[in-house]
Amino acid sequence: MQSAPCPHGNHHGTTAPHDELHHICAVCGGPRVPAAAPTSGSEIPALRAAKEAYTRRTSWRFGASCSAVIAALGGILGLALLRLDSSIATTVGVTFLVLTLPFALVFATGLAKAARHSRDLSRELTEAWQRALRDVVTRAPGPLHSADLAATLGVREEQADRWLAELSAEGLVRSEITEEGQVVYRPTTGARIDASPGAAHGGVRIDPQGLGVAPTELAGSEHLDDRDLEARFAELARREGAKPR
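Residues numbered from 1 in each chain as written. Predicted model: local features only at pLDDT ≥ 70, side-chain atom pairs only at ≥ 80, totals over all residues. Heavy atoms only, no water.

## Some details on the packing of aromatic side chains
Applying the stated criterion to the full structure yields 1 aromatic pair. On the basis of an interplanar angle of 35° and a centroid distance of 5.8 Å, the ring pair of Trp-129 and Trp-163 is categorised as tilted. Of this pair, Trp-129 sits in helix H2 (residues 87–138) while Trp-163 sits in helix H4 (residues 157–170), placing them 34 residues apart in sequence. Residues Trp-129 and Trp-163 agree in their burial class; the two are buried. (Phe/Tyr/Trp six-rings, centres within 6.5 Å; stacked < 30°, edge-to-face > 60°. Helix = DSSP H or I, 4+ residues; strand = E, 2+ residues; numbered from the N terminus. Buried < 20%, exposed > 50% of the residue type's maximum accessible area, 1.4 Å probe, protein only.)

Encoded structure:
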């Protein structure tokens, strides 16, 4: 299997399938996309957030489990002592029941925290895989079959079909039917999601072809400040207005 840098640490490793996290690093166990997937790294922030949510959920679940065991044992012992016909046993039994209350509270809190981190984990995983999917699809040199996408991302073909249908609904790809009756997908030529790490927090860049502007006229624009960009676009607008109709 192919090895690649892990987004969760300073190491290289392969990936392995996981029931909940889809794929994980074989070294640290953090969620990853397959090492062979041609992504730009735009999914890395979401993968790191997913690992943090997964770790916190595991900790809260462990704490809740331990608290549940202690509370259950203390409650059983306290109730058993209360049934004895002895003032000392009654006092000790009440003490045990009172002492179980904090553990019962930790148990309830742990369940609530674990549920919240589960939602965070699901949201971040969805974000990471959507970004990885967009990278793979928009970089495809030719028609893309769902089977190819499934093999690249290491998912079931049914999952790849659903993802491609969602991208088609968003206008990022268009579907075509070949002469053999197979459905293939191609990236659209208009606006595209920026696959650079700098856009990992929701930034979007527009493909110059979608604006009708020559790519060379915007080359290096990522190094300009806002005023330079405004001046550049104003100049482009002036040129367009000066063209004969």
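## Examining the packing of helix H1 (residues 44–82) against H2
Axis separation between H1 and H2 bottoms out at 6 Å; the angle between their running directions is 160°. Comparing their axes, H2 and H1 come out roughly antiparallel. Considering how the two elements wind past one another, H1 and H2 form a crossing that is left-handed. Here the residues of the contact of H1 with H2 sort into 29 nonpolar, 12 polar and 7 charged. (Axes fitted to C-alpha atoms, helices over the stretch in contact; angles between N-to-C directions. Parallel < 35°, antiparallel > 145°, perpendicular 65-115°, else oblique. Left-handed = near helix turned anticlockwise from the far one by under 90°. Nonpolar A, V, L, I, M, F, W, Y, C, P; charged D, E, K, R; others polar.)

## Here's the deal with H4
The first and last C-alpha atoms of H4 sit 20 Å apart over 14 residues, in line with the 20 Å expected at 1.5 Å per residue. What H4 keeps buried is the set Gln-159, Ala-160, Trp-163, Leu-164 and Leu-167. Buried residues in H4, looked at end-on, bunch into an arc of 130°, giving them a common side. Of the residues in H4, the exposed ones pointing more than 90 degrees away from the buried face are Glu-158 and Ala-169. Each element contacted by the buried residues of H4 is listed here: H2, helix H3 (146–153), strand E5 (173–177) and strand E6 (183–187). Where H4 terminates, the next one or two residues include Gly-171, which has phi positive at roughly 85°. (Expected span 1.5 Å × (residues − 1). Arc of directions from axis to C-beta. Contact = heavy atoms within 4.5 Å.)

## Considering a nonpolar patch on the surface
A cluster of nonpolar side chains, Leu-79, Leu-82, Val-94, Val-98 and Leu-101, forms an exposed patch at the surface whose accessible area comes to about 430 Å². Breaking the nonpolar patch down by element, the ones donating at least two residues are H1 and H2. Broken down by element, the residue count for the nonpolar patch peaks at 3 residues, all from H2. By the secondary structure assignment, Leu-101 is in helix H2. The exposed category is assigned to Leu-101, whose relative accessible area is 56%. (Patch = residues over 30% accessible without salt bridge, like charges linked within 9 Å, V, L, I, M, F, W, Y side chains within 5 Å. Areas by Shrake-Rupley, 256 points an atom, 1.4 Å probe, with all protein chains shown as cover. Salt bridge = Lys/Arg side-chain N within 4 Å of Asp/Glu carboxyl O.)

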